[in-house]
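The primary structure of each chain is shown beneath.
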Amino acid sequence: DELDAMSSARRSRSRAQQVSRAYAHLELAPGASRSQIERAFRGQLRQYHPDRHMSDGESHQSAVALAVSLTDAYLLLLQR
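For every chain, the first residue of the written sequence is number 1, and numbering continues from 1 onward in sequence order. Per-residue local features of the predicted model are confined to residues with pLDDT of at least 70, and side-chain atom pairs are confined, for both listing and counting, to 80 or more; whole-chain, interface and lining totals are unaffected and use all residues. Water and hydrogen atoms play no part in the side-chain values, which are based on all heavy atoms of the structure.

Moving on, we come to the overall build of the chain. The number of helices and strands found in the chain is three helices and zero strands. Helix numbering and strand numbering both begin at the N terminus, where a helix is a DSSP run of H or I of at least 4 residues and a strand a DSSP run of E of at least 2. The linear arrangement of helices and strands in the chain, starting from the amino end, is α-α-α. Principal axes of the C-alpha set define a box for the chain whose edges measure 55 × 30 × 15 Å. Exposure is judged per residue with a 1.4 Å probe applied to protein chains only, and the accessible area is read against the type maximum: over 50% gives exposed, under 20% gives buried, and values in between give partly exposed. Taking all 80 residues of the chain together, the buried fraction comes to 26%. In what follows, residue pairs with any heavy atoms lying within 4.5 Å of each other are defined as contacts. Summarising the internal contacts of the chain: among those between residues at least 6 apart in sequence, 51% fall at separations of at least 24. Approximately 5,900 Å² of the chain is accessible, and the part contributed by carbon and sulfur atoms is 49%. Neither His nor the chain ends is counted toward charge; the positive residues are Lys and Arg and the negative residues Asp and Glu. Every charge is mapped onto a representative atom, which is NZ of Lys, CZ of Arg, CG of Asp or CD of Glu. Of the charged side chains in the chain, 11 are positive and 9 negative; the average position of the first set lies 7 Å away from that of the second. With residues, only the protein chains shown are counted as cover, and all accessible areas are computed by Shrake-Rupley using a 1.4 Å probe.

So, on to the environment of S20. One can find S20 in helix α1 (residues 2-25). In the structure, S20 is positioned 57 residues away from L77 in sequence and 9.5 Å away in space, judged by C-alpha atoms.

A separate point is the packing of helix α2 (residues 34-48) against helix α3 (residues 57-79). As a rule, the C-alpha atoms of each element are fitted with a line to give its axis, helices using only the stretch in contact, and angles between N-to-C directions run from 0 to 180 degrees. Viewed as axis vectors pointing N to C, α2 and α3 meet at an angle of 175 degrees, and their least axial separation amounts to 10 Å. The angle between α2 and α3 falls in the class roughly antiparallel. Across from R34, I37, E38, F41, Q44, L45 and Y48 in α2, the residues of α3 making contact are A63, L66, A67, L70, T71, Y74, L77 and L78. Each angle is binned into one of four classes, with values under 35 degrees roughly parallel, values over 145 roughly antiparallel, values of 65 to 115 roughly perpendicular, and all other values oblique.

The quantities given are spatial measurements derived from coordinates; they are silent on function.
Shown next, in the form of structure tokens:
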């Protein structure tokens, strides 16, 4: 019972940290509305979209990685 409680608390803290990082990644304050989350995601994805960085292979790879992490943060926040 005690180990289950500790494990559950650890998962809860980990989830809270992921959500906190997702808000920070999208440059939002915690508790932002769904429309604010969507607006921030679309704006940043437009700015850092990989198609805008096709001429340089290295920046294209960085943009792909950033787009993936933005999308992950967006999806995590929408699930809440």
